[in-house]
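# Report on the structure
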Amino acid sequence: MVEWLQNNANIISAVSSVAMLVVWIIYLQAFLGGYRQQVRAKIVITRAVGKTLGAHCFISNMSYQAIYLEAVIVTLEYDDYRASVRVTDFNLADADRPSDPRMETHQGPLHSGNQTWIGTFDKLIDRVAENQGVRPGDFTASGRSITLEVMVVADYLSEDLVVGAKRRFLAEWTGDTWLVSPETIQTEQIRSRSDRRRLARLLAEEGEQAA
């Protein structure tokens, strides 16, 4: 055995080197995967404080670093009807406008671990209705189910494209009250480059329309 080891020392050394290299490659891939997981953006959209249309919708930044919130877009689906409305800014009457314009919008930095409130679900439905020229309350008058998709678009330091997240909520009439439930357990993170380019184009188009 000793003689065999001596005769094949070079082969054994080469195999050991290759095995060690493979181990280090696997370790490096695991490290890089964990690092990418840690530094990429994660935005959470939740229903809180109740389960009716009066429940509140929050956006939380669970990323490692701060995000800059660019837009919040609510899409309402009602039978064959579908409409998307940007609700980034508060819908305030002139008399209620604060002296600090930063208090009129959700747009701006959201630090890691912080959250922002975008309204109750009934008010989000009303925002879409008013934007589309529909009287508030008309969507809920029939008792037919309503789907709301809340989508967030933001900038993130370690990304060269905007990042995003979305979550769908179903509002159903139970006979005596409306109940709102998320359609998915978790918020869907918009990660593919093609989808993020689409978000960037959406912001650009909205900017051109506003100009």
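Up top is the structure.
Here the structure is a predicted model, which is why all the values come from computation and not from measurement.

## Some details on the pairing of strand E4 (residues 81–86)
Every regular strand shows the same layout, with side chains that alternate between the two sheet faces. Sheet analysis places strand E3 (residues 67–78) next to E4, joined by 6 bridges and oriented antiparallel. Paired with valine 74 across the bridge in E4 is valine 85. The hairpin formed by E3 and E4 contains 2 residues between the paired strands, and aspartate 79 there has a positive phi angle of roughly 55°.

## Focus on the packing of aromatic side chains
Per the counting criterion, the structure on display carries 4 aromatic pairs. Ring centres of tyrosine 78 and phenylalanine 139 lie 5.4 Å apart, and the angle between their planes is 70°; on these two criteria the pair is classed as edge-to-face. One end of the pair, tyrosine 78, is in strand E3; the other, phenylalanine 139, is in helix H4 (residues 138–141), with 61 residues separating them in the sequence. Residues tyrosine 78 and phenylalanine 139 agree in their burial class; the two are buried. Following the ring pairs from residue to residue traces out a cluster consisting of Tyr78, Tyr81 and Phe139.

## A short note on helix H3 (residues 121–131)
Residues of H3 that are buried: Phe121, Leu124, Ile125, Asp126, Arg127, Val128 and Ala129. Of the residues one or two after H3, glycine 133 is the one with positive phi, at around 75°.

What counts as what
- Residues numbered from 1 in each chain as written.
- Predicted model: local features only at pLDDT ≥ 70, side-chain atom pairs only at ≥ 80, totals over all residues.
- Heavy atoms only, no water.
- Pairing = 2+ DSSP bridges.
- Helix = DSSP H or I, 4+ residues; strand = E, 2+ residues; numbered from the N terminus.
- Phe/Tyr/Trp six-rings, centres within 6.5 Å; stacked < 30°, edge-to-face > 60°.
- Buried < 20%, exposed > 50% of the residue type's maximum accessible area, 1.4 Å probe, protein only.

Any link to function would need more than the numbers given here.
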